[in-house]
Each structure stands twice: as structure tokens, then as C-alpha cells.
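# Examination of the molecular architecture
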Amino acid sequence: LEHLVYHDNVAPFLTTRIMQRFGVSNPSPRYVRTCVEAFKTGLFTSSGTSFGDSSYGSLEALSACIVLDREATDEALYEDPAFGSLREPIIMVMNLLRSMEYSNTLPTVGLDGPPLAEFYNVRLYKMNEKIGQSPHDFPSVFSFFLPEYVPEAGPALSAQLAAPEATILDMPKIIGIQNGMISLIKYGLSDCNDGYASYPGYKWCSDDGLYYRSIGHLARVPAGTTIAELVSEVSLLLTAGRLSQDNRDTIEAACSSETDHDAQFRCIQQLIVFSTEFHSTNKMEKSGEDRAVDTTTVVASTEPYKGLVYLYISGGLDSFHLLAPHTCAPINVYERFRAIRGKNSLSEGIGMKLDEMLVIDGNNPDQPCSTFGIHPNLPILQTLYNDGDAAFIANAGLMAEPVDVNNYRQMTPVQLFAHNAMNRNTQKEDIFDEFVGTGVQGRIADVLKGKDMPVNVFSISGTQAVNVGEPGGAAPFILSSSGLSDFNKSPSISDMNTVIRSLNNATRKDSGFFAETFANKLSEAMTSHEQLKAELDAVDVSTVFPDSGIAAQLKMVAQLMKTRESRGVVRDMFYVEQGGYDTHSNMQINLVNKFTELNAALEAFVAEVKQQGLWDSVTLVQFSEFARTLDPNTGNGSDHAWGANHFHIGGGLAGGKVRGLYPDDFVQSPSNPIALSRGRMVPTYPWDAMWKGTATWFGIEEGPEMDKVLPMHSNFPGKTYSAADLYV
């Protein structure tokens, strides 16, 4: 523990991360160095006042340094467009509640029936789904944001500046944040029009200042009397006075249409929470031009439709519990498998037993086994496999080139066995950053768009690296699994959405980078939402999907496929994700539950796609960041490893075959080139093995196109599969 606590990297790592949470996304080296010293010495002095107790790791000294150093207090930095940050959604919600003096006392008028409680605690409902953040509800051990995340467009991308908060600024979250704040201002804390609370059980939604349906409301009584005074007051409280004169004028003109003083005050609050100055700590300078939002319609094409679904199993799937050896000769691989999985005279270990497995023929003479076993809670895979509509690739993984136990560290420049690094690089499939900042599906879309092939890219699970293409390429749509609700339903003033767009018009090059990031994302979100909602609202699926997160995502994929003609596309790519696979303890029990959930979701999805007549035109590929140790830990779990077994399904596949090469020896020894300690397997095949033939089927040609989509594929002669290998 002392080695970890006093490691040289601890102080700069913590200092930088805490600085980011204090609103400085890209602190200078000098700033970091100064505060690292405060952390290490436990002492910081400012204007003659000392902070800290002179002990290593003093958070008092570190916090004082962060907020009192000249880089935090010098007003000149306000002129630097690269300084500052985007604001966290939950911080903005708290800012609005506190500054506008939220009162959680129930209204005294309009309530019929028996007396209700006179006081309620603040109850925010499902905030993680609505805004991407919720207290004490982190989506993973890595919190809400990727600290090194660089937005996929705008000046922050050009300058390669981190904007962690932009990680969750996708279309559903932007719409959810803004709808919730509008609802809070107009109706109080309630469920009205996607508000931040649940239904309180009474009354109706009414924008009249009476808050009939709320459990509390913004109760500030404004000090100002004129509309200019009201704008200044709200600007001071919500933007620290940063609101530009241009936006002041726009808001004053728009809210002057309200004749009631209180209605004007609510109108001003609504518009200011749409301003870049509220969403960032930057200044904003407009160019005087309208913001250009790409609304280009797709080009007509005679290509038949194809859909590609990327199923990411998050946390590191124990895929040797997905596909296990069954009948193997001359080497009894099954007995070796059970032994490395912990079977001995005292314990059965964590390996699947023969009588548990759903048996399939390997149909591959290169494999050490003639039959394999699928986990009993995934019967859909056995059914599809036997129908020729599913296949596996054994012992594959993220690789830059073929390696063994002797050279893998030198030849694989990735932080192996780490969730973040392996997740990101698995989705990128470009370890050497030949196409920096892009993911494999994003590059496929770029190539297809360059050939005038109409293509859309969707994520049903937040912003994902796999879908990011080059600037100017096919921008990914990001949806929630519940689809799209109305944006700014029942606006308070006429042409309110036009006013909102005006507040976020094009900015000058020296305007704040983070302000521009929000303005651009908001404008894109509004346009994308308007177009897609109209199309989605017109369709539904005929199959009943189960009630689970992954099922809801796959249902949305199926709905989107039904809109393909109205969207005018011939290619769709989708990202869906199922989490909860980081099985450091109780692996077997956890996978029974996760596989049962996944199986039901896949059964419904396959049935629906067949119902739509698209089964032969759709492929689902499954990936995870890594597999897990075959050797169990003391908690009946398995830990981070590398080489994995993964599957794909689809009606056009040449399925019913286990490709790749399943290991026949899992124990580390001088004679075993692929076994590391504890049954961690070095991959024999790269992720490119499945991707190459899939990309060809999807429309990518050999040569420069494939080199762009899979920059590393040529490093693996004889280890990748063509479309002729994978498809009928």
C-alpha cells in the first residue's frame, strides 16, 4: 500500500484529475507542478496564509493551490479561448436550483383531497438517464467522464484539448438536460415534459407560476423591475456575468413578448440555460453569421440495404465460459481446461462441466477439438450456429502484429489488461493512430460516404470511439434506448427554438473553445433530433422485447432499421452495449444472469429482423476489451487477461464453424508460446480476422479502402478472413 500511495505518479495523476473537476480541463505544466508540490509537502501559502498540515497528500493544501494559484485567479486568462472547461450537467442543475432559490414546500393552492406532507426532500429521478450524471450512481469505476476525451469536432479537436464533460454531450443527454431545466423553471420539480422528478400523484402541468404538479419550485423573487435588469440578474447568478451583449439583446427582445413580470423572469431563465456562457466557463464572441448545420440529404443509391450491429460486452467477458472445449483428441483439452479453471480434489473450480454445455460441432480440422460447448444460458447461439447463421473465432484479440510470450510487451504498444486502454483501442482498431481519433465503424462510414453510398451511424449507448470518423465524415447519431421524446414541448414564447439557435450562432475563431463545443453540439442535437424523431415516431416493431437494457437497445436498432427507406440509406451501423462483465468474483453466477438477459434480447432481435425480411442483410459482431484468466481467483472470479473467443451472427454468414485456433495448452511453460501466468492467453488471431471479411461484405474494397478501415490488417498474413470465408 505504501508503494502505491507514494508512487511518483500518484500526485500528478490526482492533481490533474481534481483540477479538471474544479473547471480547468487543460491545466498548464507549471500549474500542475505547483499543486503537485503542495500535495507532496502538504503545504500551500497564499497572501501570507498557509493551508495544509505539512503532511504528504494534504487535500487542504492541494485544494487551496487549485483555487488560489494565479492560474485560477488571473482575470487575463478569461481572454484565453483554451482556458476553462465545459460545466458538468449535475453542477448546472445544482446551480439553477440554488441560484433561483429552490423551495421544496408544496404549493398552497389548487390541491384537492386530504392534506399532504408540507415538506419534501429534493427528489431527482433517474438523472443518469436524463443528463448522464447522478449523485452516487457512477456508470463504472471510471466515473462519468473520460479525463483525456477530446471532442470529435470544433476547435478543441484541432487544438487537441481535453474536454472531459463532452464525453456525455450526446443528443439524448443534451435534449434531456435542456428539457429538464425548462421543466424545472416552468413547472417546478415534476415529471412535466421530461422533468427531473417522477409523477407526484396530482394535478396538471401549467406554465402559470402556480406549480400545481410539483414537489417544489424555483422561488426566487427577482430584485430587478425592467427586463434589462432581470437579464442582468439572471446572468450574474447563472453565468457569473459572462453573458455576451449580443445574447443579452437577443433574450431581452424575445422575452419582451411576455407582458407578465413573473413570466418574463421565467422566460429569461429558460433562454439563459441554453446559452454557451451557462454551459461553459469560456467567453463567447459571435461572428455575426448563422451556424451552419449539415442537413444534406443522402444521395440516391441502388445498393441493397445492409445493417451492421456492434455488440460490445463491457467489463471483459470471460469468453472461455462462453465457448469451452468438449470432445478433443489426441490431447484431452477438456481435462486441461477444467484443471486450469480450478478443478481439483477439493473443488470443481469454475469451468463448465460436459453435461452443462450446449454441444456444437467445430467443423474445423485445424481445431484441437471436434466439438465445443456453448454456455447453457445462450441457446440462441447454438440454434443459430446449427442453422449456419452464427460462427466463432477462437483466441482472438487486440494486436498490432503477431506476437508470443517473449515479445508481446515490446510489440504491442497498448496498456494491456487495462479496461480504458483496451476498450478504446478495441473500438479504434488503429493502435498506431494512423487515423487519429477515429474508430473502425467511423472509418467504414467515411469510406462509404466518399463513394456516395448513403450511410448512417448510430450509438444506442452514448458517445463511442468506434463510431467516430474523420472531421467532415458521417457524423454519428446518439440515441437512448427509449427513443426520442419531444424537445421543448409547449414553448413559452413563439419561435422559441429559433431564438435558441440564435443564442448559439457561429462564433469567431478567438471565441472560447469550450463555448463553441457546446454551441455546436446543441445545434447538431436539435437538428438531428427533429429529423430522426419524425421518422422514428412513424414506426414500431411487431416483436415483444424483454425488459432489459440490452433488449431495449436492440429494439431501438430494429426500429431504426424500419426507418431506413425514409432516411434514404443503404448502410446502417449501430453500437449497443451490455455491461456488468467485470467478474472478479462469483463469475459463474454473474454470467448465468448476464447470459440469460443477453439470450432473451438476441432471440427477440433475431425474430424481429427476420420479420422485417432483413435477416440475410444484417450482421451482428460481438467484441469485448479482453477475456479473463482461466485460473480463478480466491473469490471464484476471474481477472483481466487477453486472448478471447467471440462470435458473430447473421443470415448471410457461412456459419456453423469455429474459426481461429482454440488453445490446447493453458499453462505457462518454456514450451508454450501463447500462455502467460494464470491462464492468460496471447491471442493467435487479431480482431482484424473478423473485421476484414465483414468490412468487405459491407462495401469496403481491398487496397487503400481496407488499409484505411483496418490499418493493421496487412500485418497478419494468413490470419484474417475474407468475405468469401465468412459469408455465403
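A brief structural summary. (Residues numbered from 1 in each chain as written. Predicted model: local features only at pLDDT ≥ 70, side-chain atom pairs only at ≥ 80, totals over all residues. Heavy atoms only, no water.)

### Quick notes on the overall build of the protein chain
What counts, and what does not: To qualify as a helix, a DSSP run of H or I must reach at least 4 residues; to qualify as a strand, a run of E must reach at least 2; elements of each kind are numbered from the N terminus. Here the globule rule is a power law, 2.2 Å times the number of residues to the power 0.38, and the radius of gyration is based on C-alpha atoms. For every residue, the accessible area obtained with a 1.4 Å probe (protein chains only) is divided by the maximum for its type, and the residue is called buried under 20%, exposed over 50%, and partly exposed between those limits. Contacts were defined at the residue level, with two residues in contact if any of their heavy atoms lie within 4.5 Å. Only the protein chains shown count as cover for residues, and all accessible areas are computed by the Shrake-Rupley method using a 1.4 Å probe. Only four residue types enter the charge count, namely Lys and Arg as positive and Asp and Glu as negative; His and the chain termini do not. All charge positions are set by atom: Lys at NZ, Arg at CZ, Asp at CG, Glu at CD.
When its secondary structure is counted, the protein chain shows 26 helices and 16 strands. Its C-alpha atoms give the protein chain a radius of gyration of 28 Å, within 12% of the compact-globule value 27 Å for 728 residues. If one aligns the C-alpha atoms of the protein chain with their principal axes, the spans along those axes are about 90 × 65 × 60 Å. Looking at the protein chain residue by residue over its 728 residues, the buried ones come to 58%. Taking all contacts inside the protein chain whose residues are at least 6 apart in sequence as the whole, residues at least 24 apart take part in 73%. A total of about 29300 Å² of accessible surface is found on the protein chain, and carbon and sulfur atoms cover 51% of it. Counting 55 positive and 86 negative side-chain charges, the protein chain places the averaged centre of each group 2 Å from the other.

### Remarks on the packing of aromatic side chains
We apply this condition: Pairing of aromatic side chains requires ring centres within 6.5 Å, counting the rings of Phe and Tyr and the six-membered ring of Trp. Pairs whose planes differ by under 30 degrees are stacked, by over 60 edge-to-face, and all others tilted.
Applying the stated rule across the entire model yields 25 aromatic pairs. Judged by centre distance (6.0 Å) and plane angle (85 degrees), the rings of Phe274 and Phe487 are edge-to-face. One end of the pair, Phe274, is in the loop between α12 (261-272) and α13 (276-279); the other, Phe487, is in the loop between β11 (477-478) and α19 (496-503), and 213 residues separate them in sequence. Taking the relative accessible area as the measure of exposure, Phe274 reaches 0% and is therefore buried. Among the residues examined, Phe487 registers a relative accessible area of 12% and is labelled buried. Ring centres of Trp697 and Tyr727 lie 4.9 Å apart, and the angle between their planes is 5 degrees; this geometry places the pair in the stacked category. Taken together, the positions of Trp697 in helix α24 (residues 688-698) and Tyr727 in the segment after α26 (723-726) put the pair 30 residues apart, joining distant regions of the chain. Looking at Trp697, the relative accessible area reads 10%, which means it is buried.

### Comments concerning the sheet that holds strand β7 (residues 358-361)
Going by this rule: For two strands to be treated as a pair, DSSP must find no fewer than two bridges joining them. To get an axis, a line is fitted to the C-alpha atoms, and for a helix only the part in contact is used. The angle between two axes follows their N-to-C directions and goes from 0 to 180 degrees.
Strands sit in the order β6-β8-β7 across an open sheet of 3 strands; the sheet is antiparallel. Taken across any chain shown, the strands that pair with only one partner, and hence form the sheet edges, are β6 (323-328) and β7. When strand polarity is set aside, the average angle formed by the axes of neighbouring strands in this sheet is 35 degrees. Strand direction decides the pairing type here: β6 and strand β8 (residues 369-374), joined by 5 bridges, are antiparallel. For Pro325, the partnering residue across the bridge sits in β8 and is Phe372. Against the sheet, helix α14 (residues 333-340) makes contact with β6 and β8, and its axis sits at roughly 140 degrees relative to β6, the strand it touches most. Against the sheet, helix α15 (residues 379-386) makes contact with β7 and β8, and its axis sits at roughly 25 degrees relative to β7, the strand it touches most.

### Quick notes on the nonpolar core
To keep things clear, this is the line we draw: Here, the term nonpolar core denotes a set of buried Ala, Val, Leu, Ile, Met, Phe, Trp, Tyr and Cys residues that are joined through side-chain atoms within 4.5 Å.
In terms of nonpolar packing, the biggest core is built from 186 residues, with Leu271 and Leu479 touching the most fellow members. With 10 residues, helix α23 (residues 587-611) is the single largest residue contributor to this core. Not counting residues within four places of it along the chain, the set of residues in contact with Leu271 comprises Ile251, Ala254, Cys255, Ile493, Met496, Val499, Ile500 and Leu503. In this structure, Met19, Tyr31, Cys65 and Ile66 belong to the second largest nonpolar core, which totals 17 residues.

### Some details on the packing of helix α18 (residues 440-450) against α24
Applied cut-off: These descriptions rest on fixed angle ranges, namely under 35 degrees for roughly parallel, over 145 for roughly antiparallel, 65 to 115 for roughly perpendicular, and the rest for oblique. Handedness of each helix crossing follows the sense of rotation of the near helix against the far helix: counterclockwise by less than a right angle gives left-handed, clockwise gives right-handed. The residue classification treats Ala, Val, Leu, Ile, Met, Phe, Trp, Tyr, Cys and Pro as nonpolar and Asp, Glu, Lys and Arg as charged. All others, Gly included, are polar.
Their axes nearest at 11 Å, the elements α18 and α24 cross at an angle of 30 degrees. Between α18 and α24, the crossing angle belongs to the class labelled roughly parallel. The handedness of the crossing between α18 and α24 comes out as right-handed. Residues Val440, Gln441, Ile444 and Leu448 of α18 touch α24, and the partners they reach there are Trp691, Ala695 and Phe698. Among the residues making up the contact of α18 with α24, the classes are represented as 6 nonpolar, 1 polar and no charged.

### A word on a nonpolar patch on the surface
Put simply, the test is: Residues form patches when they are more than 30% accessible in relative terms and have no salt bridge. Like charges link within 9 Å. Nonpolar side chains (Val, Leu, Ile, Met, Phe, Trp, Tyr) link within 5 Å. Within this document, salt bridges are pairs made up of a side-chain nitrogen of Lys or Arg and a carboxyl oxygen of Asp or Glu, the two lying within 4 Å of each other.
Residues Leu1, Leu4, Val5 and Tyr6 make up a contiguous nonpolar surface patch of about 490 Å² in total accessible area. Note that Leu1 resides in the segment before α1 (2-5). Overall, Leu1 belongs to the exposed group, its relative accessible area being 83%.

### Some remarks on the state of the cysteines
Put simply, the test is: The disulfide criterion is simple: two cysteine sulfur atoms within 2.5 Å.
Enumeration over the complete set of coordinates arrives at 4 disulfides. Residue pairing for Cys35: its cysteine sulfur links by disulfide to Cys65, the two sulfurs lying 2.1 Å apart. Here Cys35 and Cys65 share a disulfide; its torsion about the S-S bond, -85 degrees, makes the bridge left-handed. With a gap of 30 residues between them, Cys35 in helix α3 (residues 29-41) and Cys65 in helix α4 (residues 59-68) connect regions that are remote in the sequence. The buried category is assigned to Cys65, whose relative accessible area is 0%. Two residues, Cys192 and Cys205, share a disulfide whose sulfurs are 2.0 Å apart. Its S-S torsion of about -95 degrees marks the bond between Cys192 and Cys205 as left-handed, since a negative value means left-handed. Of this pair, Cys192 sits in the loop between α9 (171-187) and β4 (217-218) while Cys205 sits in the loop between α9 and β4, placing them 13 residues apart in sequence.

### Topic: the pattern of salt bridges
Where charged atoms from two side chains of opposite charge approach closely, those side chains can pair. The final tally for this structure, using the stated rule, is 28 salt bridges. Put simply, Arg341 and Asp318 hold a salt bridge, and the shortest N to O gap is 3.0 Å. In this pair, Arg341 is assigned in the loop between α14 and β7 and Asp318 in the loop between β5 (306-313) and β6, connecting sequence segments 23 residues apart. Looking at Arg341, the relative accessible area reads 0%, which means it is buried. Note that Lys451 is salt-bridged to Glu705, the shortest N-O span being 3.1 Å. One end of the pair, Lys451, is in the loop between α18 and β10 (455-459); the other, Glu705, is in helix α25 (residues 704-709), and 254 residues separate them in sequence. Under the relative-accessibility criterion, Glu705 is labelled buried at 18%. In the salt-bridge network here, residues are joined through shared partners; they are Arg21, Glu88 and Glu165.

### Let's talk about the environment of Glu303
Applicable threshold: Each polar contact in these results corresponds to two N or O atoms within 3.5 Å; when the atoms are within protein, one needs to be able to donate a hydrogen and the other to accept it, and residues that are neighboring in sequence are counted only if both atoms are side-chain atoms.
Checked against the element boundaries, Glu303 lands in the loop between α13 and β5. Residues Glu303 and Gly699, spaced 396 residues apart in sequence, show a C-alpha to C-alpha distance of 9.6 Å. When sequence neighbours within four positions are dropped, the list of residues in contact with Glu303 reads Met453, Val570 and Arg571. Within the local environment of Glu303, its side chain forms a polar contact with the side chain of Arg571, the two groups lying 3.2 Å apart.

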